[in-house]
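Structural features, examined
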Amino acid sequence: MQGTVATFDPDTRSGTLLLDDGSELGFGADAFQRSGLRLLRLGQRVTVEPGDDGTVRRVSIPGVD
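Not measured: the values here are computed from a predicted model.

Okay, the environment of Ser-14 next. Locating Ser-14 in the fold gives a position in strand S2 (residues 14-19). For the pair Ser-14 and Gly-28, spaced 14 residues apart in sequence, the C-alpha separation works out to 4.5 Å. A polar side-chain atom of Ser-14 sits 2.8 Å from a polar atom in the side chain of Thr-12.

If you want it as structure tokens, here you go:
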């Protein structure tokens, strides 16, 4: 599943994504931490790895693992 970064707070390391279907999906610091990234910028395309419970497990940049 892919989307675009709508908000990102570098202090809390959490934010929201606007998915390709138009829905919003929040992610927490754990999902960002698993990405190995340092920062996300608004409008950046990301790939979302969903967890079994429907929450975001990991946020990553397409083509960068």
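This paragraph deals with the nonpolar core. Counting 14 residues, the largest nonpolar core has Leu-17, Phe-27, Leu-40, Val-56 and Val-59 as the members making the most contacts within it. Looking at this core, the elements with two or more residues in it are strand S1 (2-9), S2, strand S3 (24-27), helix H1 (29-35), strand S4 (45-50) and strand S5 (56-60). Every residue in contact with Val-56, bar those within four places of it in the chain, is listed here: Leu-25, Gly-26, Phe-27, Ala-31, Val-48 and Glu-49.

About the thresholds
Residues numbered from 1 in each chain as written. Predicted model: local features only at pLDDT ≥ 70, side-chain atom pairs only at ≥ 80, totals over all residues. Heavy atoms only, no water. Helix = DSSP H or I, 4+ residues; strand = E, 2+ residues; numbered from the N terminus. Polar contact = N/O pair within 3.5 Å; in protein donor to acceptor, adjacent residues only side chain to side chain. Core = buried A, V, L, I, M, F, W, Y, C linked by side-chain atoms within 4.5 Å. Buried < 20%, exposed > 50% of the residue type's maximum accessible area, 1.4 Å probe, protein only. Contact = heavy atoms within 4.5 Å.

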